[in-house]
Amino acid sequence: MGRLIALGVILAGLLSAFIGYRIVELRRIALSSRELHQNHLPNCRAIKGLEYGSEDITILPNGLAIISTGLKYPGMPSFSDAPGKLYLLDLENERLKPVELRIGRGFDVESFNPHGISVYTDEKDLSVHLFVVNHPEDKSQVEIFRFVEEDSSIVYVKTIQHDLLHSVNDIVAVGPESFYATNDRYFGNAVLKQLEILLLQPWCTVVYYSPEEVMVVADTFYSANGINISPDNKYLYVSDILDHSISVLERHENNGLSYVKSVPVGSLCDNIEVDGDTGDLWMGCHPNGGKFYPYNPEDPPGSEVIQIQNIHSEKPTVTQVYADNGSMIEASSVATPYKGVLLIGSVYHKALCCDLK
Ligand SMILES: *[C@@H]1O[C@H](CO)[C@@H](O)[C@H](O)[C@H]1NC(C)=O
């Protein structure tokens, strides 16, 4: 009996030493002690009506931004019990007034919990397909809608669920019904998702989905977050948020990917937007991930926007374009330029539109 107790004490000691060590590791990875200096842009104004997050934003070539709001995600702050929504914001109109996208019949709006979004424009009929990662009741699925610009609405087309799409964070559409998606966790279960962070294993994947074929096309990510594609459709970019880097992957004829390189960014970067003209990458990043748990409104997570130019060259240029300690905007998750302005969104906070210097 005495021996068993001794063994129990030793095991408990080892377990707490392991957890203690992992917590120190996690604080390092979350950049918990990083100091952030204000680096503001001119003429920043908050977009009225977007108070509960603007987690992902995608801008159509005509200046219409589609914005996902109201994300509820295990472990993340959220300040509204209302279902998530999608908004449309016309950047060509000075008033910057977001309009809620009406969702046509056949879709459960009550449980809508939109996360990453992406659009695909059909070359044949110019129809715009909107892909939305959705987490109704903590599930993981992808919704496809058709965007109807004339009356600011979307028509529900279909829901995609698959075992390989178990913890989807973001997607990039490459066809009317095909896309690449990132999994930010290995587990699908909400409790295991939080515990797995303690293990810090490179178990996360990128998955290719089409109605004909579903496959893992890249793996060994600690947490694969934002994903996007180069203007020539030849490369994918994936943010490994816990590795503080952006991976460049080459796309092959069979939709498989091969690893090219990783570009360090020194921050926990969330969504990636790609400038269609220059090919530059723009990321909304979390400069101090430690401030998410526990959330303290007196000392909130700050925001950081990072741009990468010439990513395919020997020496890509990584620039901090914007930084704020949380007094202007907390937890920036996306940033995307349009004709001299920069739209910055957040996981659970407001959205800002700033002039670029
Ligand atoms: C952010 O920095 C400003 C100074 O620019 C300071 O007044 C404010 O208290 C800081 N806020 C936080 C939350 O640290």
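Residues numbered from 1 in each chain as written. Predicted model: local features only at pLDDT ≥ 70, side-chain atom pairs only at ≥ 80, totals over all residues. Heavy atoms only, no water.

Inclusion rule: UniProt positions are given in the numbering used here, feature names are shortened, and annotations may be inferred rather than shown by experiment.
Per an unreviewed UniProt entry, the protein is named Paraoxonase, and its organism is Albula goreensis. The record held by UniProt for the protein lists under Catalytic activity (unreviewed entry) the comment "a phenyl acetate + H2O = a phenol + acetate + H(+)". In its Sequence similarities (unreviewed entry) section, UniProt records this for the protein: "Belongs to the paraoxonase family."

Description of the site of the ligand
Under the convention used in this document: What makes a residue near a molecule or strand is one non-hydrogen atom of that residue sitting within 4 Å of it. We define a polar contact as two N or O atoms separated by no more than 3.5 Å, with the added condition that, inside protein, one atom must be a possible hydrogen donor and the other a possible acceptor, whereas residues neighbouring each other in sequence contribute only through side-chain atom pairs.
Residues in close proximity to the ligand include Gln-38, Pro-300 and Asn-325, which together make up its full environment. Interatomic distance of 2.3 Å between a side-chain N/O atom of Asn-325 and an oxygen atom of the ligand.

Some remarks on the UniProt feature "binding site: Ca(2+) 1" (unreviewed entry) in the protein
Just so we agree on the cut-off: The helix count covers DSSP runs of H or I at least four residues long, the strand count covers runs of E at least two residues long, and both are numbered beginning at the N terminus. Burial classification: accessible surface area is computed with a 1.4 Å probe over protein chains only, and a residue below 20% of its type maximum counts as buried, one above 50% as exposed, and the rest as partly exposed. Between two residues, a contact is recorded if the distance between any of their heavy atoms is within 4.5 Å.
As recorded in UniProt, the feature "binding site: Ca(2+) 1" (unreviewed entry) lies at Glu-55, Asp-56, Asp-170, Asn-225, Asp-270 and Asn-271. A maximum C-alpha distance of 12.0 Å among these annotated residues, which run over 217 residues, shows that they cluster at one spot. Here Asn-225 lies in strand S15 (residues 224-229). Asn-225 gets classed as buried once you look at its relative accessible area, which sits at 5%. Within the secondary structure layout, Asn-271 lies in strand S19 (residues 268-274). For Asn-271, the contacting residues outside a window of four places in its chain are Glu-55, Asp-56, Asp-170, Asn-225, Gly-226, Trp-282, Met-283, Gly-284, Ser-333 and Val-334. Within the local environment of Asn-271, its side chain forms a polar contact with the side chain of Asp-270, the two groups lying 3.4 Å apart.

Regarding the packing of aromatic side chains
As a reminder, the rule being used: Within 6.5 Å between ring centres, the rings of Phe, Tyr and Trp (the latter by its six-membered ring) count as paired, and their orientation is classed by plane angle as stacked under 30 degrees, edge-to-face over 60, tilted in between.
Per the stated rule, a full pass over the model turns up 13 aromatic pairs. Taking the centre distance of 5.9 Å and the plane angle of 70° together, the rings of Phe-131 and Phe-179 count as edge-to-face. Of the two residues, Phe-131 is situated in strand S8 (residues 128-134) and Phe-179 in strand S12 (residues 179-183); the sequence distance between them amounts to 48 residues. In this structure, Phe-131 and Phe-179 share a single accessibility class: buried.

Here's the deal with the UniProt feature "binding site: Ca(2+) 2" (unreviewed entry) in the protein
The residues that UniProt annotates with the feature "binding site: Ca(2+) 2" (unreviewed entry) are Ile-117 and Asn-169. Sequence-wise these annotated residues cover 53 residues; spatially they are packed, their C-alpha atoms never more than 9.4 Å apart. Topologically, Ile-117 is positioned in strand S7 (residues 114-121). On the basis of relative accessible area, Ile-117 is assigned to the buried category, the value being 4%. Apart from residues no more than four positions distant in its own chain, Ile-117 is found in contact with Asp-56, Ile-57, Thr-58, Ile-66, Ile-67, Ser-68, Leu-86, Leu-130, Phe-131, Val-132, Asp-170 and Ile-171. Considering the arrangement of structural elements, one finds Asn-169 in strand S11 (residues 168-173). In this structure Asn-169 touches His-115, Gly-116, Val-133, Thr-182, Asp-184, Ala-224 and Asn-225, once residues within four positions along its chain are discounted.

Looking at the pattern of salt bridges
Put simply, the rule is: Within this document, salt bridges are pairs made up of a side-chain nitrogen of Lys or Arg and a carboxyl oxygen of Asp or Glu, the two lying within 4 Å of each other.
In total, this model carries eight salt bridges according to the counting rule given. Linking Lys-139 and Glu-137 is a salt bridge whose minimum nitrogen-to-oxygen distance equals 3.8 Å. Its relative accessible area of 61% is what places Glu-137 among the exposed residues. Lys-158 serves as the salt-bridge partner of Glu-177, at 2.9 Å between the closest nitrogen and oxygen. In this pair, Glu-177 is assigned in the loop between S11 and S12 and Lys-158 in strand S10 (residues 153-160), connecting sequence segments 19 residues apart. You can call Lys-158 partly exposed: its relative accessible area is 26%.

Concerning the side chain of Glu-55
For clarity, the cut-off: Neither His nor the chain termini are counted; the positive set is Lys and Arg, and the negative set is Asp and Glu.
Note on placement: Glu-55 falls in the loop between strand S1 (45-46) and strand S2 (56-59). Buried within the structure, Glu-55 lacks any salt-bridge partner; Arg-185 is the closest side chain of opposite charge, at an N-O distance of 11 Å. Apart from the residues within four sequence positions on either side, Glu-55 is in contact with Ser-68, Leu-71, His-115, Gly-116, Asp-270, Asn-271, Ser-333, Val-334, Ser-346 and Val-347.

Section: the state of the cysteines
Counted only if it meets this: Two cysteine sulfur atoms make up a disulfide if the distance between them is within 2.5 Å.
Under the definition given, this model contains two disulfides. Each disulfide pairs two cysteine sulfurs, and for Cys-44 the partner residue is Cys-354, the sulfurs being separated by 2.0 Å. Taking the torsion about the sulfur-sulfur bond, which here is approximately 110°, the covalent link between Cys-44 and Cys-354 counts as right-handed. On the criterion of sequence distance, the pair formed by Cys-44 in the loop between helix H1 (2-29) and S1 and Cys-354 in strand S25 (residues 352-355) is long-range, its members being 310 residues apart. The class for Cys-354 is buried, based on a relative accessible area of 0%. In the protein, the cysteines engaged in disulfides, taken in order along the sequence, are linked 1-4, 2-3. Cys-269 provides the cysteine sulfur closest to Cys-204, a residue in no disulfide bond, and the two sulfurs are 17 Å apart. Not engaged in a disulfide, the cysteine Cys-353 finds its nearest cysteine sulfur in Cys-354; these two sulfurs lie 6.8 Å apart. Overall, the relative accessible area of 1% leaves Cys-353 in the buried class.

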